[in-house]
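# A structural walkthrough
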Amino acid sequence: MAGDEEALAVPQVTSVLPIGDLPDHIAEMSADEQTLAALGYKQEFKREFSAWSTFAVSFAVMGLLPSIGTTMWYGLGYAGPAANTWGWLLSVFFVLCVAMSMAELASSMPTSGGLYYAATVLAGPKYGPFAAWITGWANWLVQVTGAPSVGYGCAGMILAVASMRNPDYVPTDWQTFLLTVFIMITQSCLSSMPTRWIANFNSVGSIINVACLIITIIIIPTATTATPKFQPSDFAWGIENFTDWPDGAAMLMSFLAITWTMSGYDSSFHLSEECSNASVATPRSIVMTAVSGSIFGFILNTLIAYTIQDVEAIFESDLGQPWAAYLTQILPEPVAIAVLCMTIVCAYSMGQGCMVSASRVCFAYARDDCYGVLSPTLKKVNRHTLTPVNAVWFNTIIGVLCMLLLFGGDASITAIFSVGAIAAYIAFVLPVFIKIVFVKNNFRPGPWNLGKFSVPCGIISCTFALVMMPIFCFPAYRGKNLTADGMNWTCVVFGVPMLFVIIWFFVDAHKWFKGPKINIDHHMMGQGTMTEGVEVKDPAIAQDGSDGDKDSSKKGFSE
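Read on for an overview of the structure. These figures come from a predicted structure and were not determined experimentally.

Looking only at helices and strands, the protein features 22 helices and two strands. Residue burial in the protein is summarised as follows: out of 559 residues, 59% are buried. Counting contacts in the protein only where the partners sit at least 6 residues apart, residues at least 24 apart contribute 81% of the total. Surface summary for the protein: the accessible area is close to 21500 Å², and the carbon and sulfur share equals 65%.

The following block contains the structure:
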């Protein structure tokens, strides 16, 4: 009975550790610390994120209201209202498959490195470092372009309000650039706060995001003064092709808006080392973010499709911001400004969430020396705030440099949105691809898993990414209509850095980069390599479902 009482006193935190994967000094660790130690890391952050606050950051990073407002260029601007209705429904099915496949990995390997760590373990010691290198740099490109792209959209909306109040005012590129930089600097200050402050700030930001989203959903159909108030269904669900490509291609191109909007759910993965009961709370947060975003996003997009009066007019408006132009098209000016101001507040909160997520990714990669000579500085945890402050400001500097694309014209600055989508899906599905093609049944799932749907869901995710990545590089025009200003520069903005990264790996980095580095002594890692040797002492209860008659020798998370 005494033993039962002691067991009941242990915090009910689910661990991914099967019997035998025991870190050293286990008696001194909480269950979350034991899980992290078995993955090779000591606890460096305070676990002050709950399942709700983790979801709050993730939902804030997704920022449905500002994301939809900022990316109208790539949805309505390519395929018209259909992009908002059945285009959203079609693409979001694939997005949910990607999110659930990621959640399964997060439950099995809840570390700040996230997908980068998973790619290493699943690819094994021979190919793991290269898989980690590609996944890590692709994921960092997503993170580091997130805040500047959101800040750019936020700045555009602020300047649009100024233009609405003063029709003679026309913002310049320098004003947009400086305002974006100012927004990013203030967000960086907030992201340098202690973990508890960040968690509380993002919880409030998430509540504001949800409240503003619901208020906007109510205002659009009730306060519109347009005639007719609602468009017929054949308009709202019909394709209005603004590209030189066939309707089907235009619809696929419009998925850029949806995939960029719905890419924030991975933030939960990167906060898993600061979340209690991470192997359960983190995957739940990922799925909650994706599902709630899908539902609310469809409602708002459908309302836009049914109420918009002239699609082409919002892109030719002098305001230079389609969301602002749409609101003024259907609402009285004071109401339109009020909704736009709510969107600006949500965009600011979203950008700050992007900063937090990006800093955790940067810290995790620097901890494994991914940044070469910069790694010792970037992996330092501030002794006052216990957060990776150096990583925050490093990402801010890179983000400001990204904003210099603004002076190359509209085509170059908008490439950061495409880069975010392409890089995200490379990082999101590469570990999933390795799992379903090479690891197969040897994958050791965590307490949250898809069971028999794991492989079908993974196949759908990988297929979707394979189809969409070249589509995101398509320019809207072709033939004689294609000019340098209308060119899609995504291949250059994304391809050049990634080509440099690949060359760097084969020329030099392969000599010293071996993937995630363990920084704690424990039994699972054996000789210090990522996937060497752990023997499951009681295979009958191992989480991979093997029984006592099967070989109990496991190597990391895959054989």
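Past the structure itself, the notes keep going.
Time to look at the nonpolar core. With 153 residues, the main nonpolar core has Tyr265, Trp323, Tyr326 and Tyr371 as its most contacted residues. The biggest single contributor to this core is helix H7 (residues 115–165), with 26 residues. Residue contacts for tryptophan 323: discarding those within four places in its chain leaves Leu65, Gly69, Met72, Met157, Thr216, Ile220, Ile304, Val339, Leu340 and Thr343.

Let's shift gears to the pattern of salt bridges. Under the criterion given, the structure shown has three salt bridges. A salt bridge links glutamate 104 to lysine 435; its shortest N-O distance comes to 3.4 Å. Taken as a pair, glutamate 104 in helix H6 (residues 86–108) and lysine 435 in helix H20 (residues 415–439) lie far apart in primary sequence, 331 residues in all. Among the ionic pairs, aspartate 369 bridges to lysine 379, the shortest N-O distance being 3.5 Å. Highlighted residues: aspartate 369 in the loop between helix H16 (333–367) and helix H17 (375–378) and lysine 379 in the loop between H17 and helix H18 (389–402), separated in sequence by ten residues. The class for aspartate 369 is buried, based on a relative accessible area of 18%. By relative accessible area, which is 30% here, lysine 379 ends up partly exposed.

A separate point is the environment of tryptophan 245. Tracing the backbone shows tryptophan 245 in the loop between helix H10 (233–236) and helix H11 (247–261). Filtering out sequence-adjacent residues up to four positions away, tryptophan 245 remains in contact with Met253, Phe474, Pro475, Ala476, Tyr477 and Arg478. A polar contact of 2.7 Å, which involves the side chain of tryptophan 245, links it to the backbone oxygen of proline 475.

What follows concerns H7. Compared with the 75 Å implied by 1.5 Å per residue over 51 residues, the 46 Å span of H7 between its first and last C-alpha is markedly short. At glycine 124, H7 shows its largest kink, close to 150°, and the proline proline 125 lies no more than four residues downstream. Counting buried positions along H7 yields 42 of 51 residues, so the element is predominantly enclosed.

Our next topic: helix H15 (residues 322–330). By the criterion of burial, H15 is predominantly enclosed, with seven of the nine residues buried. For H15, the complete set of buried residues consists of Pro322, Trp323, Ala324, Ala325, Tyr326, Leu327 and Ile330. Where H15 is buried, its residues contact helix H4 (64–70), H7, helix H9 (195–223), helix H13 (278–307), helix H14 (311–315) and H16. One side-chain oxygen of the residue at the start of H15 lies 2.9 Å from the amide nitrogen of tryptophan 323, identifying that residue as glutamine 321.

A word on unusual backbone geometry. Each neighbour pair has its own omega, and for threonine 227 with proline 228 the value is 0°, a cis peptide bond. Relative to the assigned elements, proline 228 resides in the loop between H9 and H10. One non-glycine residue with positive phi stands out, namely aspartate 369, at about 65°.

Moving on, we get to the environment of alanine 236. Mapped onto the elements, alanine 236 comes out in helix H10. For alanine 236, a relative accessible area of 0% translates into the label buried.

Following both chains from N to C, one finds H15 and H16 inclined at 150°, their axes separated by 9 Å at the closest point. In terms of orientation, H15 and H16 fall into the roughly antiparallel class. Taken as a pair, H15 and H16 cross one another with a handedness that is right-handed. Facing H15, whose interface residues are Trp323, Ala324, Leu327 and Thr328, H16 presents Ala336, Val339, Leu340 and Thr343. Residue composition of the contact of H15 with H16, by class: six nonpolar, two polar and no charged.

Time to look at empty space enclosed by the protein. Rolled over the atoms, a probe sized like a water molecule indicates the empty space that remains. By the definition in use, this model includes five cavities of 30 Å³ or more. Of the volumes computed, that of the largest cavity is approximately 200 Å³. Lining the largest cavity we find 18 residues, and of these Val61, Val142, Gly146, Ser263 and Cys354 sit closest to its centre. Where the lining of the largest cavity is concerned, the elements lending two or more residues are helix H3 (51–62), H7, H11 and H16. It is H7 that provides the largest number of residues to the lining of the largest cavity, a total of six residues. Here the residues of the lining of the largest cavity sort into seven nonpolar, ten polar and one charged. In this model, the second largest cavity occupies a volume close to 110 Å³. Along the walls of the second largest cavity sit 13 residues, with Thr71, Gly75, Asn84, Ala257 and Asn301 positioned nearest its centre. Considering each element in turn, the lining of the second largest cavity owes the most residues, four residues, to H11.

Our next topic: the layout of surface pockets. Here the second largest pocket is characterised by a volume of approximately 390 Å³. Along the wall of the second largest pocket there are 19 residues; nearest its centre are Trp140, Leu141, Ile398, Cys402 and Pro497. Put simply, the parts of the chain that give the lining of the second largest pocket at least two residues each are H7, H18, H20 and helix H22 (490–507). Top contributing element to the lining of the second largest pocket by residue count: H22, with six residues.

Relative to the helices and strands, threonine 302 is located in helix H13. Taking relative accessible area as the criterion, threonine 302 reaches 14% and is therefore assigned buried. When neighbours within four sequence positions are excluded, threonine 302 is seen to be in contact with Asn84 and Thr85.

How each quantity is defined
- Residues numbered from 1 in each chain as written.
- Predicted model: local features only at pLDDT ≥ 70, side-chain atom pairs only at ≥ 80, totals over all residues.
- Heavy atoms only, no water.
- Helix = DSSP H or I, 4+ residues; strand = E, 2+ residues; numbered from the N terminus.
- Buried < 20%, exposed > 50% of the residue type's maximum accessible area, 1.4 Å probe, protein only.
- Contact = heavy atoms within 4.5 Å.
- Areas by Shrake-Rupley, 256 points an atom, 1.4 Å probe, with all protein chains shown as cover.
- Core = buried A, V, L, I, M, F, W, Y, C linked by side-chain atoms within 4.5 Å.
- Salt bridge = Lys/Arg side-chain N within 4 Å of Asp/Glu carboxyl O.
- Polar contact = N/O pair within 3.5 Å; in protein donor to acceptor, adjacent residues only side chain to side chain.
- Expected span 1.5 Å × (residues − 1).
- Bend = angle between axes of the 7 residues up to and from the residue.
- Axes fitted to C-alpha atoms, helices over the stretch in contact; angles between N-to-C directions.
- Parallel < 35°, antiparallel > 145°, perpendicular 65-115°, else oblique.
- Left-handed = near helix turned anticlockwise from the far one by under 90°.
- Nonpolar A, V, L, I, M, F, W, Y, C, P; charged D, E, K, R; others polar.
- 1 Å grid on protein atoms, 1.4 Å probe; cavity = no way out; pocket = protein on both sides within 12 Å on 5 of 7 lines; lining within 4 Å.
- Points joined across faces, edges and corners; volume = space filled by probe spheres on them.

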